[in-house]
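Examining the three-dimensional arrangement
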Amino acid sequence: MKAPIPETVLQRFSEFVAERTGLHFPPSRRADLLRGLEDAAAGLGYGDVETCARMLMEAPPDRRRLDTLAHHLTVGETYFFRDPAVWTALEAEILPPLIAARRATDRHLRIWSAGCSTGEEAYSIAILLARLLPDLASWNVAVLGTDIDVDALARAEQGVYREWSFRGVSDGLRQAHFEAAGRGRFRVREVGRCLPRFAYLNLVDDVYPSVTNGTNAMDILFCRNVLMYFERSAAEAVARRFHRSVVDGGWLIVAAAEADAALFPGFSTVRIGDALLYRKEGTAHASPMSKSRGRQGTAQHGDSGPASRSVGVSRADIGEPAGQGRRVVQARAPRRPRDQHGQRAAAGPSSRPEALALACRECANRGEFDEARRLGEAAVAADKSDAGLRYLLASVFEESGRPQDAKAALRQALYIDPDHVLAHFSLANLLRRLGQPSRAAAHFSVARRLLDASAADAPLPDGEGLTAGRLREIIDATERIS
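Description of the structure in this document. What you see is a predicted model; the values in this text were computed from it and never measured.

**Description of the pairing of strand β1 (residues 108–114)**
Look at any regular strand and the pattern is simple: side chains alternate between the two faces of the sheet. By the criterion of burial, β1 is predominantly enclosed, with 7 of the 7 residues buried. The alternating pattern of β1 places His108, Arg110, Trp112 and Ala114 and Leu109, Ile111 and Ser113 on opposite faces, both of which are buried. With 7 bridges joining them, β1 and strand β2 (residues 140–147) adopt parallel strand pairing. Bridge pairing in β2 places Ile111 opposite Val143. Between the parallel pair β1 and β2, the chain is carried across by helix α6 (residues 120–132), and the sense of this crossover is right-handed. Two strands pair when backbone bridges link them, and β1 and strand β7 (residues 218–222) are joined in this way by 3 bridges, in the parallel orientation. Bridge pairing links Ser113 to Phe222 in β7.

Listed below in structure tokens is the structure:
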């Protein structure tokens with residue numbers, strides 16, 4: 001019989017979990033915490049839960065153990081095109097005008113699925129974009145899926161799903177975008193799999209937004225059924241970072257149960273049909289759509305009107321009866337911010353490489369990638385011996401959909417400084433995505449060796465606060481996903 005765990009130990013463990021993962025287990029959810037701890041103890045080979053809890057709290061941080069714990073504490077329940085009203089709003093009101101505006105400029109779109117679990121949401125985004133963009137190959141589209149559960153991310157990378165992930169999705173949509181993989185499983189076809197990129201990211205860590213991990217300048221950010229499990233202070237910190245991660249006029253999509261205007265200051269509440277969404281305020285042109293600002297729970301409903309027309313994935317495809325959606329005034333795509341900062345940087349004392357680098361980061365964070373590239377190249381020209389500037393330029397190249405240029409810039413950075421650990425890490429990730437796993441493994445190995453020689457709390461050069469110990473944990477997680 002399992003030994004009971006003292007309430008004092010369970011309380012300490014609850015606080016430890018909140019600090020390390022953001023997950024909140026109040027007294028009313030003690031049974032859930034204990035159940036997850038029991039499963040984690042079995043997975044880690046401990047005979048009783050108290051020993052496991054004390055080990056996790058008192059032993060030096062170990063990413064693999066924390067990953068196992070996170071896997072058993074998080075709820076990975078998800079499926080394709082979950083919450084039909086959200087997808088109807090995206091395809092009928094949000095994406096078409098955004099696509100039209102970007103088609104006339106630089107043809108880029110950036111969408112992040114935070115807390116993506118096994119990847120169904122990220123692939124739903126990819127499928128919708130593939131159907132809305134017949135000329136997808138000529139676009140620079142980034143769909144990023146992140147999660148704290150490494151096992152879930154490994155399944156997302158495989159892109160293979162069972163029948164349960166398709167509940168509410170039509171047979172026609174499944175046949176169009178998936179192929180049989182045997183034993184009742186289905187694999188995402190290449191048109192969808194070419195888009196999502198999956199990576200480990202703990203939302204409680206202050207490592208985003210950043211051009212170096214691709215969490216910057218998001219047009220749309222999904223984070224559904226995640227913040228509801230965080231303690232309030234952790235959720236507020238995540239919400240602040242999300243606000244910085246989204247471009248002016250961009251969108252934040254959370255679950256209906258997480259809708260809370262007080263949690264998302266700087267966003268306007270927007271009702272589109274039956275979907276309640278958040279749009280970032282700023283210099284972008286304001287949408288005439290119904291919006292509510294102020295006290296929690298006072299969101300105004302848009303006027304009802306004719307049912308919106310599906311332009312890609314029909315309501316029948318995603319299990320929504322025709323005629324249930326209500327259309328509001330057409331959303332306008334956000335106007336791109338003026339690049340005044342970039343102009344000032346190119347004009348005066350900002351010809352100094354450090355000022356150019358700062359302006360480059362700020363332009364990249366606003367989604368102004370052409371200007372960011374120009375500033376990054378100017379910074380490199382101003383100081384050809386700085387490996388960090390070439391590393392920054394490589395990050396901008398990668399975010400701009402130019403992987404070969406990114407690879408060349410990273411190799412140049414390593415020629416200047418063979419011990420630049422973040423350049424090794426970034427090159428390893430890039431080579432992995434380019435289908436060169438053996439070369440990627442070599443650079444991961446070098447990065448790990450360099451990190452092993454550093455103190456865990458040592459900040460990394462060009463790491464924007466990232467420490468050696470944290471990057472070592474990220475490399476462990478990344479290699480487990482592969």
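From this point, the discussion proceeds with the structure in view.
**With respect to the pattern of salt bridges**
Taken as a whole, this structure holds 31 salt bridges when the rule is applied. Here Asp135 and Arg103 are joined by a salt bridge, their closest N and O atoms 2.5 Å apart. You can see Asp135 sitting in the loop between α6 and β2 and its partner Arg103 sitting in helix α5 (residues 84–103), a full 32 residues away along the chain. By relative accessible area, Asp135 is classed as partly exposed at 22%. The class of Arg103 is partly exposed, set by a relative accessible area of 31%. A salt bridge links Asp370 to Arg373; the shortest N-O distance between them is 2.2 Å.

**A closer look at the pairing of strand β6 (residues 196–200)**
Residues Pro196, Phe198 and Tyr200 point to one face of β6 and are all buried, whereas Arg197 and Ala199, pointing to the other face, are not buried. As paired strands, β2 and β6 are joined by 5 bridges and run parallel to one another. Within β6, the position partnered with Val143 by the bridge is Pro196.

**So, the packing of aromatic side chains**
Under the definition given, this model contains 16 aromatic pairs. When the ring of Phe264 is compared with that of Tyr278, the centres are 4.8 Å apart and the planes differ by 50 degrees; the resulting orientation is tilted. Separated by 14 residues along the polypeptide, Phe264 in the loop between β8 (246–253) and β9 (267–272) and Tyr278 in strand β10 (residues 275–280) bring together distant segments of the chain. Overall, the relative accessible area of 1% leaves Phe264 in the buried class.

**Brief notes about the sheet that holds strand β4 (residues 178–182)**
A sheet is described by the order of its strands in space; here 3 strands give the open sequence β3-β5-β4, paired in antiparallel fashion. Each having just a single partner strand, β3 (160–162) and β4 make up the two edges of the open sheet. Pairs of neighbouring strands in the sheet enclose a mean axial angle of 40 degrees, with direction left out of account. Here 4 bridges tie β4 to strand β5 (residues 185–188), and the two strands are oriented antiparallel to one another. Paired with Gly182 across the bridge in β5 is Arg185.

**Some points on helix α12 (residues 353–365)**
Between the first and last C-alpha of α12 there are 18 Å, a value that for 13 residues agrees with the 18 Å anticipated at 1.5 Å per step. Positive backbone phi, at 85 degrees, marks Gly367, one or two positions downstream of α12.

**A few points about the layout of surface pockets**
The calculated volume of the largest pocket comes to roughly 930 Å³. Lining the largest pocket we find 30 residues, and of these Cys194, Leu195, Pro196, Arg197 and Arg433 sit closest to its centre. Contributions of two or more residues to the lining of the largest pocket are made by β2, β6, α14 (387–399) and α16 (421–433). In terms of residue class, the lining of the largest pocket is made up of 17 nonpolar, 5 polar and 8 charged.

Definitions and limits used
Residues numbered from 1 in each chain as written. Predicted model: local features only at pLDDT ≥ 70, side-chain atom pairs only at ≥ 80, totals over all residues. Heavy atoms only, no water. Buried < 20%, exposed > 50% of the residue type's maximum accessible area, 1.4 Å probe, protein only. Helix = DSSP H or I, 4+ residues; strand = E, 2+ residues; numbered from the N terminus. Pairing = 2+ DSSP bridges. Right-handed = clockwise from strand over helix to strand, strands pointing away. Salt bridge = Lys/Arg side-chain N within 4 Å of Asp/Glu carboxyl O. Phe/Tyr/Trp six-rings, centres within 6.5 Å; stacked < 30°, edge-to-face > 60°. Axes fitted to C-alpha atoms, helices over the stretch in contact; angles between N-to-C directions. Expected span 1.5 Å × (residues − 1). 1 Å grid on protein atoms, 1.4 Å probe; cavity = no way out; pocket = protein on both sides within 12 Å on 5 of 7 lines; lining within 4 Å. Points joined across faces, edges and corners; volume = space filled by probe spheres on them. Nonpolar A, V, L, I, M, F, W, Y, C, P; charged D, E, K, R; others polar.

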